Amino acid sequence: MSPSHRVPSPDVLGWAPADLAALYQGTERSRCRHPWSPVPAPLCPQDPHVSSASTPVSPAPGPPCSQCQHSHVPSASTPVSPALGLPCPQGQDPHFLLLPRAAVGRAGSVPRCPLRHGASARGAGGVGGGLGHGRPHIPCAPQFILPHSRGSSHGQSRITRSAYPRAPYARMMPDSFRLWQRLEAEAGSSLYRRTGLVVLGPAGNPELEGCRRSLRAGEVLDATALAQRFPGLRLHAGELAVWDGTGGVLFADRALRAVQDVFRRHGGTLRDGEKVLRIDPGATLTVTTTAGVYRAPRLIIAAGAWTGALVAPLGLRLPLQPLRIDVCYWREKEPRSPGTGRAGPCFMALGLCRAPHGIYGLPALEYPGLVKVCYHHGSPADPEERDRVPLGGPHPDIALLSSFISSYLPGLEPQPAVVETCLYTNTPDEDFILDKHPKFSNIIIGAGFSGHGFKLAPVVGKLLCELSLGEEPSHSTAPFAITRFSGVLRAAL
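Small disclaimer: the values here were computed from a predicted structure and weren't measured.

Remarks on the sheet that holds strand S19 (residues 433-436)
Right, on to step 1. If you walk across this open sheet you meet the 3 strands as S12-S20-S19, and the pairing is mixed. For this open sheet the edge positions go to strand S12 (299-301) and S19, each flanked by a neighbour on one side alone. Between one strand axis and the next, the sheet turns by 10 degrees as a mean value, whatever way the strands run.
Right, on to step 2. Where S19 and strand S20 (residues 443-447) come together, 4 bridges link them in antiparallel fashion. Bridge pairing links lysine 436 to isoleucine 444 in S20.
Right, on to step 3. Contacts between helix H9 (residues 457-468) and the sheet are confined to S12, S19 and S20, with S19 contributing the most and set at about 10 degrees to the helix.

A closer look at the layout of surface pockets
Right, on to step 1. Here the second largest pocket is characterised by a volume of approximately 540 Å³.
Right, on to step 2. Taken together, 21 residues line the second largest pocket, and the ones lying closest to its centre are Gly232, Leu233, Glu332, Arg336 and Gly344.
Right, on to step 3. In terms of residue count, the dominant contributor to the lining of the second largest pocket is strand S15 (residues 359-367) (4 residues).

Examining the pairing of strand S9 (residues 276-280)
Right, on to step 1. The element S9 is largely enclosed, with a buried count of 4 among its 5 residues.
Right, on to step 2. Where S9 lies against strand S10 (residues 285-289), 4 bridges are found, and the strand directions are antiparallel. In the sheet register, arginine 278 faces S10, and the bridge partner there is threonine 288.
Right, on to step 3. Here S9 folds back onto S10, and the loop between the two strands holds 4 residues, one of which, glycine 282, carries a positive phi near 150 degrees.

Describing empty space enclosed by the protein
To find the voids left in a structure, one rolls a probe of water-molecule size over its atoms.
Right, on to step 1. Its boundaries defined by the atoms lining it, the second largest cavity holds a volume of some 60 Å³.
Right, on to step 2. Per-element tally for the lining of the second largest cavity: the top contributor is helix H3 (residues 167-187), with 4 residues.
Right, on to step 3. Partitioned by chemical class, the residues of the lining of the second largest cavity number 4 nonpolar, 2 polar and 1 charged.

A closer look at the packing of H3 against helix H6 (residues 252-265)
Right, on to step 1. As a packed pair, H3 and H6 sit with axes 10 Å apart at the nearest point and diverge in direction by 65 degrees. Between H3 and H6, the angle falls in the class roughly perpendicular. In this structure, H3 crosses over H6, and the sense of that crossing is left-handed. Residues Trp180, Leu183, Glu186 and Ala187 of H3 form the contact with H6, whose participating residues are Ala255, Ala258, Val259, Val262 and Arg265.
Right, on to step 2. Tallied by class, the residues present in the contact of H3 with H6 amount to 7 nonpolar, no polar and 2 charged.

With respect to the nonpolar core
The nonpolar side chains of soluble globular proteins are, as a tendency, buried together.
Right, on to step 1. Among the nonpolar cores identified, the biggest contains 26 residues, and Val198, Ile359, Val373 and Leu409 are the most heavily contacted of them.
Right, on to step 2. Mapped onto this core, the elements with two or more residues apiece are strand S5 (197-202), strand S7 (239-244), strand S13 (321-331), strand S14 (346-349), strand S16 (370-375) and helix H8 (398-408).
Right, on to step 3. With 5 residues, the top contributor of residues to this core is H8.
Right, on to step 4. Here isoleucine 359 is in contact with Phe347, Met348, Ala349, Val373, Cys374, Tyr375, Leu400, Leu401 and Phe404, once residues within four sequence places are set aside.
Right, on to step 5. Among the nonpolar cores identified, the runner-up in size contains 25 residues, and Leu285, Ile433, Ala447 and Ile482 belong to it.

Side note on the pairing of S15
Right, on to step 1. Inspection of the sheet shows S14 paired to S15 by 3 bridges, in the antiparallel sense. Considered in S15, the bridge of methionine 348 is made with tyrosine 360.
Right, on to step 2. As defined by bridge partners, S15 adjoins S16 across 5 bridges and the pair is classed as antiparallel. By the bridge assignment for S16, leucine 362 is matched with lysine 372.
Right, on to step 3. What sits between the antiparallel neighbours S15 and S16 is a turn of 2 residues, in which glycine 369 has the positive phi angle 75 degrees.

What counts and what doesn't
Residues numbered from 1 in each chain as written. Predicted model: local features only at pLDDT ≥ 70, side-chain atom pairs only at ≥ 80, totals over all residues. Heavy atoms only, no water. Pairing = 2+ DSSP bridges. Helix = DSSP H or I, 4+ residues; strand = E, 2+ residues; numbered from the N terminus. Axes fitted to C-alpha atoms, helices over the stretch in contact; angles between N-to-C directions. Contact = heavy atoms within 4.5 Å. 1 Å grid on protein atoms, 1.4 Å probe; cavity = no way out; pocket = protein on both sides within 12 Å on 5 of 7 lines; lining within 4 Å. Points joined across faces, edges and corners; volume = space filled by probe spheres on them. Buried < 20%, exposed > 50% of the residue type's maximum accessible area, 1.4 Å probe, protein only. Nonpolar A, V, L, I, M, F, W, Y, C, P; charged D, E, K, R; others polar. Parallel < 35°, antiparallel > 145°, perpendicular 65-115°, else oblique. Left-handed = near helix turned anticlockwise from the far one by under 90°. Core = buried A, V, L, I, M, F, W, Y, C linked by side-chain atoms within 4.5 Å.

If you want it as structure tokens, here you go:
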């Protein structure tokens, strides 16, 4: 038996067993190993883990299982085990978890997952990836009660775009757009509004040029052309803008609800408010939470800012830095008339010497008359104490943003009307981590989304699911390998 490993407080945990199909089909079903039983239980006509093989088949509630005390009621009102709190759907034993990051189960987080929390998630991400991959009956267990604002996936809006300085992400974006559209169709809800995106910066800036190349036919605008099309945005001498007509706003809260609803309809179970206490690695992984003990052959971890603490007892020292980000809303000096139906574009400012990490903005869709403009960086933070005031003041980036507003967005008041916060979890190179644990190959990790993961949550969820099931990833995960960082693997446990 592997030793126990205590974990301070992860955000989300995910399980995606590679042999779910085998577990629920054919002869394997008659020898289903109950997750809390050391030996295979005899076959019950209604549920393979019931201790009596003579239990009659009946549409009415059957006798309780001697191991988990579930009454086998084939309905949404299936009783909950008093010991472990997990529903037992008739004829299935789905005590395996796919837990996306923060409220998304960031699969499709994907939810992250996928959408992460989707999910993803995003974070995920888990849930969406599991759904998009056609593998239901997987419970999801975020640490906090859903919906919550403790991670990276809350709030009403996120930018999505085709323009990307880095080629790996640019290649993933068409797939991400398709998966978001698929979720929209299945959920019957609008999750995206196309507004277009302006990417601005100094002429010749490598990131700006990377965005232009990723668009192929991206239109380049000088100061005059930009002012004619978007009078609220200004360029300065030596600067250019690139137009991305696919850019727009993802309605994040709505997307997370859609992921969760679709996930449930596919047979998934959300187990929010459940904190992981310990993970025991091995051929069969054991995860202990505040609500019970779970076992499965595969595990996906997409826990946002809590990932570092979660994997440290498993011998990994991932270079993840949680950051507290100011999310600022700025009042329009002349608010647009309600009901005009036209929103301004999203934008990104890259390569500015006064804002080396970039600035981004979204039109006034969340709060009437308030435009969202944020610095793409923040102050180091402990996710357990994210409300603690940073050293040097509560909002260290406000002065930088106020200066940018005055210079580039003169139609906005130079002081924010509303300031909220969220968490980024950054890697040193700001690229994702999507990989297997170097020592325990049945543990898959999705982390370090560095403030740009939500739009890619469906693809992230799909990739994590593919890695878990031993399938060929639909996109190369080489840029996201754990081994690109030196010294991450500690001594053997």
